[in-house]
Amino acid sequence: MRIHFNGAARTVTGSQYLLEANSARILIECGLFQGRRAETYERNRSFRFDPTELDAVLLSHAHIDHSGNLPNLVKQGYGGPIHATPATANLAEIMLRDSGHIQEADAVFVNKRRHERGQPPVEPLYTEADAVEVPPLFQVHPYDQPFEVAADVTAEFIDAGHILGSAAIRLEVRERGRTTRLWFSGDIGRRDLPILRDPVLPSEADYVMMECTYGDKPHRDPAEAHREFHQAVLRTVKRGGKVIIPAFAVGRTQELVYSLHLMTAAGTLPRLPVYVDSPLAVNATKIFEKHPECYDEQTLQFIKLGKHPALAFDGLTYIKTVEESKALNERKEPMVIISASGMAEAGRVLHHLKNNIDDPRNTVLIVGWQAPNTLGRRLADREKVVRIYGEEYPVKADIATIGGLSAHAGQDLLTEYARAANGRAKGIILVHGEEDAAGALREKLSDAGVRRVVYPDLFTTIDL
């Protein structure tokens, strides 16, 4: 058995791992790489294997850095099963269509500039029509029920607590008279986050391949992050400003809405308008409401006692049209606007930032990890001037970062996660993390007695 590390190795985005076992070729994840535009396009367009020779795809969850290149895979000839949980399949369907729309819009924007320079046009990576070809390939499986992936290869989805439907994948491979168990973490969630159950720690694994996004940062307690969020909103309201929150449409947006709902229900936040301005987030929230089987007990009780959905309350408006979105920038009273994308690289949030970033009454709230070379990272790094749609804007709004709201496990839980398998595991493989994060986690694991840790280079192979 061997694993080829074709994405999210020594970086965070573009998860893609090719597993070869017996004669089977199984792709674990098929995510979009995010970075500089030219590098991004080339990296995402080309696969280092023949998609027609794959036997199966396993998908841990629907976030675009894990699922976003599936339309391209299918476009290039893959027609086999894509295994996922029911909620992941539902979310991926709307997210991939949205991604296809963005790919087309980006190509139009780029081609205008290329035309002005006398350069030939580029094709979108894939289109919305390409994305529609993916959902018929989904084969869904509930948590904790093994299923066959290929001859002598079975898999099982285990609750990862990251976003709705997210899963670790436990693989059992029978090869040459021996059985090897590989546990792939996907993105590991956190304990005591709103809405979802806590992540399950690995067990019965010979090898654990796990993310290390926040390997260098112990997260603060979620309750403390909730208080910081509450205080940031209150400060902004008192000075008459708006809170602009770039947030991933799936997962983070729903957690923020739920948190604001709890504040409103407790009477600790004055009633003010809250807008979710992302068509994808609106559709994703509907899917959240269809999958209460993923909710934790606290959320189920909140719904039961409150007699209303966890993701709807007085003062909350889901924006549907472009006209409604534009109208928000004409209004000057305090409000909260949650809008995609989470790294402020595309979508309606760019318009809200463009129209509000030069007002010191306002707050831009950064609530998750920001990839290098993104607008979100430049804001988090407190750059004084940023470019939005090619124009420079002075950053006068308050920039607040709350790392404790991340849906990724921090250093402490990552350490516990690796230690849970250390008694049996022959090795821990770190992926989906930058070098500083991985280095800090390796040191922490060594101190905790976890010795067999590797951090593979991109485009390398490990034999297990």
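Coordinates for the structure precede this section.
Residues numbered from 1 in each chain as written. Predicted model: local features only at pLDDT ≥ 70, side-chain atom pairs only at ≥ 80, totals over all residues. Heavy atoms only, no water.

Asker: What should I look at first to understand the pattern of salt bridges in this one?
Answerer: Two side chains that carry opposite charge are able to pair once their charged atoms sit near each other. Tallying each qualifying case throughout the model produces 20 salt bridges. Here E20 makes a salt bridge to R25, at a shortest N to O gap of 2.6 Å. For R25, a relative accessible area of 18% puts it in the buried group. R170 is the salt-bridge partner of E156, the closest N and O atoms lying 3.2 Å from each other. Here R170 lies in strand β9 (residues 167-175) and E156 lies in strand β8 (residues 153-159), a separation of 14 residues in the sequence. With relative accessibility at 18%, the residue R170 sits in the buried group. (Salt bridge = Lys/Arg side-chain N within 4 Å of Asp/Glu carboxyl O. Buried < 20%, exposed > 50% of the residue type's maximum accessible area, 1.4 Å probe, protein only. Helix = DSSP H or I, 4+ residues; strand = E, 2+ residues; numbered from the N terminus.)

Asker: Could you clarify how one ought to interpret the packing of helix α4 (residues 86-116) against helix α8 (residues 279-290) in this entry?
Answerer: For any two helices packed against each other, one specifies the crossing angle of their axes together with the interaxial distance. One way to put it is that α4 packs onto α8 with a least axis distance of 10 Å and a crossing angle of 170°. Here α8 runs roughly antiparallel to α4, going by the angle between their axes. Contacts from N90, L91, I94, M95 and D98 of α4 reach α8 at L280, N283, A284 and I287. (Axes fitted to C-alpha atoms, helices over the stretch in contact; angles between N-to-C directions. Parallel < 35°, antiparallel > 145°, perpendicular 65-115°, else oblique. Contact = heavy atoms within 4.5 Å.)

Asker: What should I look at first to understand helix α14 (residues 435-447) in this one?
Answerer: For an α-helix, 3.6 residues make a turn, and residues three or four places apart therefore share a direction. Over its 13 residues, α14 extends 18 Å from the first C-alpha to the last, a length consistent with the 18 Å expected when each residue adds 1.5 Å. Taken together, the buried positions of α14 are A437, A438, L441 and L445. Taken around the axis of α14, the buried residues stretch over an arc of 90°, which confines them to a single face. Opposite the buried face of α14, by more than 90 degrees, sit the exposed residues D436, E443 and D447. Following α14 by one or two positions, G449 adopts a phi angle in the positive range, close to 90°. (Expected span 1.5 Å × (residues − 1). Arc of directions from axis to C-beta.)

Asker: Is there a simple way to think about the side chain of H408 in this case?
Answerer: Along the chain, H408 turns up in the loop between β19 (398-401) and α13 (411-422). What makes H408 buried here is its relative accessible area of 11%. Once you skip the residues sitting within four places of it in the chain, H408 turns out to touch H162, D187, I188, G189, R190, E211, T213, Y214, H219 and H432.

Asker: Mind showing me how you'd approach the sheet that holds strand β1 (residues 2-7) here?
Answerer: Working definition: the strands of a sheet are paired by backbone hydrogen bonds and lie parallel or antiparallel to each other. The seven strands lie next to each other as β6-β5-β4-β3-β2-β1-β22, forming an open sheet whose pairing is mixed. This sheet does not close on itself; its edge strands, each paired only once, are β6 (138-140) and β22 (461-463). Across the sheet, the mean angle from the axis of one strand to that of its neighbour is 25°, orientation sign disregarded. One ladder, built from three bridges, connects strand β3 (residues 24-28) with strand β4 (residues 56-58); its direction is parallel. (Pairing = 2+ DSSP bridges.)

Asker: For this particular structure, what's the right way to read the packing of aromatic side chains?
Answerer: Working definition: an aromatic ring pair is given by the centre-to-centre distance plus the angle between the planes. All told, the structure shown has four aromatic pairs when counted by the stated rule. Taking the centre distance of 5.9 Å and the plane angle of 75° together, the rings of F5 and Y17 count as edge-to-face. Here the residue F5 occupies a position in strand β1, and Y17 occupies one in strand β2 (residues 16-21), the gap between them amounting to twelve residues. Ring centres of F147 and F157 lie 5.3 Å apart, and the angle between their planes is 40°; this geometry places the pair in the tilted category. (Phe/Tyr/Trp six-rings, centres within 6.5 Å; stacked < 30°, edge-to-face > 60°.)

Asker: Before we go on, may I ask you to explain the pairing of β1 in this structure?
Answerer: Residues in a regular strand project their side chains so that they alternate between the two faces of the sheet. Across the six residues of β1, five count as buried, placing the element largely inside the fold. The sheet contact formed by β1 and β2 spans five bridges and is antiparallel. Each residue of the ladder has a partner; that of R2, found in β2, is E20.

Asker: Help me understand the nonpolar core in this model?
Answerer: Soluble globular proteins: nonpolar side chains tend toward being buried together. Counting residues in each nonpolar core, the largest one holds 103 residues, and the members touching the most others are L73, F229 and I245. If you look at the next biggest cluster of nonpolar residues, it comprises 23 residues, including A168, W183, V208 and A421. (Core = buried A, V, L, I, M, F, W, Y, C linked by side-chain atoms within 4.5 Å.)

Asker: Hey, could you run me through the environment of P199 in this one?
Answerer: Tracing the backbone shows P199 in the loop between β10 (178-184) and β11 (207-211). The exposure class of P199 is buried, given its relative accessible area of 10%. Sequence separation of P199 and I158 is 41 residues, and the distance between their C-alpha atoms is 8.4 Å. Setting aside residues up to four positions removed in sequence, P199 forms contacts with D159, A160, G161, I188, G189, R190, R191 and L413.

Asker: Can you help me understand helix α6 (residues 222-238) in this one?
Answerer: Here α6 contains 17 residues, and its C-alpha end-to-end distance of 24 Å stays within 8% of the 24 Å for a straight helix at 1.5 Å per residue. Every buried residue of α6 is accounted for by P222, A225, F229, H230, A232, V233, L234, T236 and V237. Among the structural elements, β12 (242-246), α7 (252-266), β15 (335-339) and β16 (363-366) are those in contact with the buried residues of α6. Capping of α6 at its N-terminal end is provided by D221; its side-chain oxygen lies 2.7 Å from the backbone amide nitrogen of A223. Two residues or fewer past α6, G240 is found with a positive phi of approximately 80°. (Polar contact = N/O pair within 3.5 Å; in protein donor to acceptor, adjacent residues only side chain to side chain.)

Asker: Explain the environment of A407 to me, please; I cannot follow it from the model alone.
Answerer: In this structure, A407 sits in the loop between β19 and α13. Classification of A407 as buried rests on a relative accessible area of 3%. Aside from chain neighbours lying at most four places away, what touches A407 is H162, I188, G189, R190, L193, R252 and E255.

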